[in-house]
Amino acid sequence: MRFSCTNIWHRLLRTTQQLLLLLFLFLGSAAAAPCFAEPLPSFGLLPDIQLHAPDSISQGSPLFVLAESQSYLSGTKLRLYYSDGSLSQVFPAFKPVPVAWHGSDLRSASQSRSRQTTGYLSAFSLLRPSNTAWMAAIHADAALGPASLRISNGFGVVLAEQTVHIQPREYKAEILRLNSVLTSIRADPDPIKDEQARRYQALLSTVDPAAIYLDAPFIMPLESRRRTSFFGDRRTYQYSDGSKAFSMHAGIDYGVARGTPLYAAGRGKVVLAESRIVTGNTIILEHLPGMYSIYMHLDTIAAAVSPGQIIPRGSRIGTVGSTGLSTGPHLHWEVRIMQVAVDPESLLRIDNFPKISTILGTIEGR
Ligand SMILES: [Zn+2]
């Protein structure tokens, strides 16, 4: 076995974490049960967290969770434990927002924001009650039935838990026959395509806890709901040489005329606006930590849409086209949360966003 400074340091760190965890468990939980069916009593050591999350949600949906706490929440993570024993990815918390000394109501926190002069870096803020939020994603194939939503701290101690029932979503099967040109775009090796794919994945896996741009639920990015492919379609690609490939359609396709105007579905920061081999003219907007909306196959990208710009919901971002791997003019609209694809239209509804304007108003000071 090899030893290095890094190994020893990691071992020390892990042992310290385990000792602290044991201490927390001993002091924090009267029952000391190995599985935490209920949130642990705090006894002043573990934060008392009140979660706001839906009781049930469909496969392939975003899951917006808010927390109010009498303690400062930092470094917390959300994870789902599904009925078949599988686990979701880890969803990091948004940057916590210190709230007023008196009362934990989100609305009073929002109103008192203007009276706060110390900001996040004040030593006092670490002692303040805080609100935070997580945007999680239920995978299109997540196991059905009751799932356990758990909030844990940096030591892996579960601070809060709630049951969320995962409901089924129906998916269609679809066969796409590609001519030799489209077959080549999708299947041929190409170093430029590889570089574009790596950069694309790196962007979508970037998580900035302070990236809170979304201020309301989404609106439709175009004035048509003529869908030609649906979220979660099980696709079979038939290549021109007779071979096949299978994939899930990660977004929704709207078949509309070339030149149809496109709008930003929500307030966000432009992180990509360029021509790509497979997806054609493409725009990616960052809305929340780890959450992105993607617009593909555009004919044109509006001049004002360039990386680094923060653009409001409903601003014109380009026009529908048929660039890249496309068989006709259409918008491919996609949403990724921690790289998991969810149904973009489910972000149009308010029920997944309890109190969104209140908490986000608190965060952004709006
Ligand atoms: Zn598509």
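All values reported here derive from a predicted model rather than from experimental measurement. (Residues numbered from 1 in each chain as written. Predicted model: local features only at pLDDT ≥ 70, side-chain atom pairs only at ≥ 80, totals over all residues.)

A. Region of interest: the environment of Arg79. Here Arg79 lies in strand 4 (residues 77-81). It is 8.2 Å that separates the C-alpha atoms of Arg79 and Ser152, two residues lying 73 residues apart in sequence. For Arg79, the residues in contact, after removing those within four places along its chain, are Leu87, Ser88, Val90 and Arg150. (Helix = DSSP H or I, 4+ residues; strand = E, 2+ residues; numbered from the N terminus. Contact = placed C-beta atoms within 7 Å.)

B. Molecular detail of the sheet that holds strand 12 (residues 234-238). Pairing in this open sheet of 3 strands is mixed, and the strands run 10-12-13 from one edge to the other. The open sheet has two edge strands, strand 10 (173-177) and strand 13 (244-248), and neither has a second partner. Neighbour to neighbour, the strand axes of the sheet diverge by 20° on average, direction disregarded. Note: strand 10 against strand 12, 5 bridges, orientation parallel. Bridge pairing links Leu176 to Tyr237 in strand 12. (Pairing = 2+ DSSP bridges. Axes fitted to C-alpha atoms, helices over the stretch in contact; angles between N-to-C directions.)

C. Spatial organisation of helix 4 (residues 191-204). Compared with an ideal rise of 1.5 Å per residue, which puts 14 residues at 20 Å, helix 4 spans 20 Å between its outermost C-alpha atoms and is within 8% of the ideal. Of all the 14 residues making up helix 4, 1 are buried; the element is thus mostly uncovered. (Expected span 1.5 Å × (residues − 1). Buried ≥ 20, exposed ≤ 12 C-beta atoms within 10 Å, placed from the backbone.)

D. Seen up close, the environment of Tyr295. For Tyr295, the position within the fold is in strand 18 (residues 291-301). Overall, the presence of 28 C-beta atoms within 10 Å leaves Tyr295 in the buried class. The sequence separation of Tyr295 and Ala264 amounts to 31 residues, and the corresponding C-alpha distance is 9.1 Å. Those residues in contact with Tyr295, other than ones at most four positions away along the chain, are Pro221, Leu262, Thr282, Ile283, Ile317, Leu331 and Trp333.

E. Focus on the pairing of strand 21 (residues 331-337). Among the 7 residues of strand 21, 7 are classified as buried, and the element is accordingly described as predominantly covered. On strand 21, burial covers both faces: Leu331, Trp333, Val335 and Ile337 on one face and His332, Glu334 and Arg336 on the other are all buried. Inspection of the sheet shows strand 14 (residues 251-254) paired to strand 21 by 4 bridges, in the antiparallel sense. Looking at strand 21, one finds that Gly251 is bridged to Glu334. Inspection of the sheet shows strand 18 paired to strand 21 by 6 bridges, in the antiparallel sense. Bridge assignment links Tyr295 to a residue of strand 21, and that residue is Trp333. Across 3 bridges, the pairing between strand 21 and strand 22 (residues 340-342) is antiparallel. Residue pairing in the sheet places Arg336 in a bridge with Ala341 of strand 22.

F. Here's a closer look at the nonpolar core. In terms of nonpolar packing, the biggest core is built from 68 residues, with Val65, Trp134, Ala136, Ile283 and Tyr295 touching the most fellow members. Top element by residues in this core is strand 18. It accounts for 7 residues. In this view, Trp134 contacts Val65, Leu78, Phe91, Ala93 and Phe94; residues no more than four positions away in its chain are not counted. (Core = buried A, V, L, I, M, F, W, Y, C linked by C-beta atoms within 7 Å.)

G. Highlighting the sheet that holds strand 5 (residues 91-92). Spatial ordering of the open sheet is given by 2-9-8-4-5, a layout of 5 strands whose pairing is mixed. Edge positions in the open sheet fall to strand 2 (56-58) and strand 5, since each of these has one partner strand only. Across 2 bridges, strand 4 lies against strand 5 in antiparallel orientation. Bridge assignment links Lys77 to a residue of strand 5, and that residue is Pro92.

H. Expanded view of the environment of Phe218. Turning to its location among the elements, Phe218 is positioned in the loop between helix 4 and strand 11 (227-229). Take Phe218: there are 23 C-beta atoms within 10 Å of it, and that puts it in the buried class. Separated by 128 residues in sequence, Phe218 and Ser346 have C-alpha atoms that sit 8.8 Å apart. Beyond its immediate stretch of four places on either side in the chain, Phe218 contacts Ala265, Gly266, Leu347 and Leu348.

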